[in-house]
Amino acid sequence: MSRTFEEARSWAQLGTTLFVQAADLGADALDEPSTLPVWTRKHLVAHVAANADALGNLVHWAATGERTPMYASPEERAAGIERGAGMPAAELTAWLRGSAEELARSTAALDKEQWQSPVVTAQGRTVPATELPWMRAREVCVHAVDLGTGPSFADLPAGFLAALCDDVVAKRAKDGGPALVLEAAGTGAFWKLPGEGEPTVIVGDLHEITAYLTGRAHALTAPDGGPVPALARWL
């Protein structure tokens, strides 16, 4: 399924609101584990706050032509998350809100030509700045679920879930893995993953398929009622 620039912007806004609300917790709750391995909720909040700052660097690049990478290095990125995870809860959530507000302000200031400016992602891909809202939407929407404080994939727009499945399947098709056909019940949408042998056909709700593809908890089963094939890490 295709996604439009305006859809991505709306999903980024929705996801940011959802994440900020889901992270509005007391100090004790923020210190609890997230649903991701190793990371507490504070790690996750720091990651999303730092992501807004990093995407802001790309917005600056698009606006001025001055090369400003998302992060100086992977080590600098990891260190920033650890620093954030060590902040007092009030300071950390203030960073989360402030970075999100600044990113919204700076992106709103880009004109039509600046949105077409090429920038380089942390993975080294050169993309037009129009990809930035989608990059932010993925971060905030998926990680709002990862906080484990209430939001689930079922709370996210169907269009976003389908677009995320497109992205994940495109990446997994290059990485290898089990042959699969994934059918979103009642929608007509399906995805194919190449692999060895006859593909396993998995039918389920769109939000469950999205959770499975992204390596999150899900309720899908194989046609024989057993577990679905294991997938490698997504990111």
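So, here's what we can say about the structure. (Residues numbered from 1 in each chain as written. Predicted model: local features only at pLDDT ≥ 70, side-chain atom pairs only at ≥ 80, totals over all residues. Heavy atoms only, no water.)

## Describing the side chain of Thr68
Note the cut-off: Only DSSP runs of H or I reaching four residues or more are called helices, and only runs of E reaching two or more are called strands; each is numbered from the N terminus. The cut-offs for exposure are 20% and 50% of the maximum accessible area for each residue type, with area from a 1.4 Å probe on protein chains only; residues under the lower value are buried, those over the upper are exposed, and the others partly exposed. By the criterion applied in these results, polar contacts are pairs of N or O atoms within 3.5 Å in which, for protein atoms, one can donate a hydrogen and the other can accept it, and in which residues neighboring in sequence qualify only through two side-chain atoms.
Residue placement: Thr68 occurs in the loop between helix 3 (41-64) and helix 4 (74-85). Thr68 sits in the buried class, given a relative accessible area of 16%. A distance of 3.4 Å separates the side chain of Thr68 from the backbone nitrogen of Trp61, its partner in a polar contact.

## Focus: the environment of Ala12
The criterion, for reference: Here a residue-residue contact requires only that any non-hydrogen atoms of the pair lie within 4.5 Å.
Topologically, Ala12 is positioned in helix 1 (residues 5-22). Accessibility expressed as a relative area gives 9% for Ala12, which makes it buried. Sequence-wise, Ala12 and Met135 are 123 residues apart; in three dimensions their C-alpha atoms are separated by 8.3 Å. Not counting residues up to four positions away in its chain, the partners in contact with Ala12 are Pro133, Arg136, Ala137 and Val140.

## Here's the deal with the packing of aromatic side chains
Any aromatic ring pair is given by two values, namely how distant the centres are and how the planes are angled relative to each other. For the record, the criterion: Pairing of aromatic rings covers Phe, Tyr and the six-membered ring of Trp, with a centre-to-centre limit of 6.5 Å; geometry is then stacked below 30 degrees between planes, edge-to-face above 60, and tilted otherwise. We call a charge positioned over a ring when the NZ of a Lys or the CZ of an Arg lies within 6 Å of the ring centre and within 35 degrees of the ring normal.
Taken as a whole, this structure holds four aromatic pairs when the rule is applied. Note on Phe5 and Trp115: the rings are 4.8 Å apart at their centroids and 70 degrees apart in plane angle, and the pair reads as edge-to-face. Taken together, the positions of Phe5 in helix 1 and Trp115 in helix 6 (residues 112-115) put the pair 110 residues apart, joining distant regions of the chain. For Trp115, a relative accessible area of 6% corresponds to the buried category. Plain terms: the ring middles of Trp11 and Phe160 are 5.8 Å apart, the flat faces sit at 75 degrees to each other, and that makes the pair edge-to-face. Within this pair, whereas Trp11 is found in helix 1, its partner Phe160 is found in helix 8 (residues 158-175), the two being separated by 149 residues in sequence. For the residue pair Trp11 and Phe160, the accessibility class agrees, reading buried in each case. Chaining the aromatic ring pairs together yields one cluster made of Trp11, Trp134 and Phe160. Lying across the ring of Tyr71, Arg77 places its NZ or CZ 5.7 Å from the centre.

## Observations concerning the sheet that holds strand 5 (residues 200-204)
As a reminder of what qualifies: For two strands to be treated as a pair, DSSP must find at least two bridges joining them. Inter-axis angles, ranging from 0 to 180 degrees, are taken between N-to-C directions of lines fitted to C-alpha atoms, where helices are fitted over the stretch in contact.
If you walk across this open sheet you meet the three strands as 4-3-5, and the pairing is mixed. Looking at strand neighbours, the two that pair on one side only are strand 4 (190-193) and strand 5, the edges of this open sheet. With strand direction ignored, the average angle separating the axes of adjacent strands in the sheet is 15 degrees. Of the pairings in the sheet, the one linking strand 3 (residues 180-184) to strand 4 comprises four bridges and is antiparallel in character. Looking at strand 4, one finds that Glu183 is bridged to Phe190. Against the sheet, helix 9 (residues 206-213) engages strand 3, strand 4 and strand 5, with an angle of about 145 degrees to strand 3.

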